[in-house]
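Read off the chains here:
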Amino acid sequence: MLEGTGVRTVQYIYDFGDDWNHSIRIERVNDATPGVLYPRLLKATGACPPEDVGGAWGYEEFLEALADPGHEQHEDMNRWSGGAFDPNDARTDRIVERFNQLAKKWAPRPRNPKTLKGAT
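Model, not experiment: these values are computed from the prediction.

Remarks on the overall build of the protein chain
Reasoning step 1: The number of helices and strands found in the protein chain is five helices and two strands.
Reasoning step 2: Taken from N to C terminus, the helices and strands of the protein chain fall in the order α-β-β-α-α-α-α.
Reasoning step 3: In terms of overall size, the protein chain is more extended than a compact globule, its C-alpha atoms giving a radius of gyration of 21 Å where 120 residues would be expected to give roughly 14 Å.
Reasoning step 4: Counting only C-alpha atoms, the protein chain reaches 75 × 30 × 25 Å along its principal axes.
Reasoning step 5: Looking at the 120 residues of the protein chain, the share that counts as buried comes to 12%.
Reasoning step 6: Restricting to contacts in the protein chain with at least 6 residues of sequence separation, those with at least 24 account for 51%.

Side note on a negative patch on the surface
Reasoning step 1: A cluster of acidic residues, Glu60, Glu61, Glu64 and Asp68, forms a negative patch at the surface.
Reasoning step 2: The residue Glu61 is located in helix α2 (residues 55-67) in this model.

Observations concerning the packing of aromatic side chains
Reasoning step 1: Tallied over the entire structure, the rule returns five aromatic pairs.
Reasoning step 2: Judged by centre distance (5.7 Å) and plane angle (80°), the rings of Phe62 and Trp80 are edge-to-face. Of the two residues, Phe62 sits in helix α2 while Trp80 sits in helix α3 (residues 74-80), which places them 18 residues apart along the sequence.
Reasoning step 3: With relative accessibility at 43%, the residue Trp80 sits in the partly exposed group.
Reasoning step 4: Site record: aromatic cluster; members linked through ring pairs are Trp20, Tyr59, Phe62, Trp80 and Phe85.

With respect to the side chain of His74
Reasoning step 1: Tracing the backbone through its elements, the reader meets His74 in helix α3.
Reasoning step 2: At 3.2 Å, the side chain of His74 and the backbone oxygen of Leu66 are in polar contact.
Reasoning step 3: The contact partners of His74, leaving out residues within four places of it in the chain, are Ala65, Leu66, Asp68 and Pro69.

Concerning the pairing of strand β2 (residues 20-25)
Reasoning step 1: Examined bridge by bridge, strand β1 (residues 9-14) and β2 share six bridges and lie antiparallel to one another. Across the sheet, residue Tyr14 finds its bridge partner in β2, namely Trp20.
Reasoning step 2: As consecutive antiparallel partners, β1 and β2 are separated by five residues, and within that stretch Asp15 has a phi angle of approximately 60°, a positive value.

Thresholds, definitions, all that
- Residues numbered from 1 in each chain as written.
- Predicted model: local features only at pLDDT ≥ 70, side-chain atom pairs only at ≥ 80, totals over all residues.
- Heavy atoms only, no water.
- Helix = DSSP H or I, 4+ residues; strand = E, 2+ residues; numbered from the N terminus.
- Rg over C-alpha atoms; globule rule 2.2 N^0.38 Å.
- Buried < 20%, exposed > 50% of the residue type's maximum accessible area, 1.4 Å probe, protein only.
- Contact = heavy atoms within 4.5 Å.
- Patch = residues over 30% accessible without salt bridge, like charges linked within 9 Å, V, L, I, M, F, W, Y side chains within 5 Å.
- Areas by Shrake-Rupley, 256 points an atom, 1.4 Å probe, with all protein chains shown as cover.
- Salt bridge = Lys/Arg side-chain N within 4 Å of Asp/Glu carboxyl O.
- Lys, Arg positive; Asp, Glu negative; His and termini not counted.
- Charge placed at Lys NZ, Arg CZ, Asp CG, Glu CD.
- Phe/Tyr/Trp six-rings, centres within 6.5 Å; stacked < 30°, edge-to-face > 60°.
- Polar contact = N/O pair within 3.5 Å; in protein donor to acceptor, adjacent residues only side chain to side chain.
- Pairing = 2+ DSSP bridges.

What follows is the structure, encoded as structure tokens:
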């Protein structure tokens, strides 16, 4: 879809309250490899911030609180995030699982021969 438009960068805002500004740059488009499911993950770096963390400033404060056991909000942020938040873990297993779900949903469907007979 993007290849035909010449667009190389897509920008969007996620969560108008927290105002996450995303920029995705398309570096190249390769031909599809037969037998490979698409979309597919090539690389991921870092974790997604938790929902409703308060945007970039809130995420910075959240990370500071988690990193410092003496921080006044350390226990609250640890409990709020489930106690196992790792800002360096992109959780690629979850991304791949979701991409596989999309690939199945978007996979071409076999044509129904009954429908094709009636169409001329």
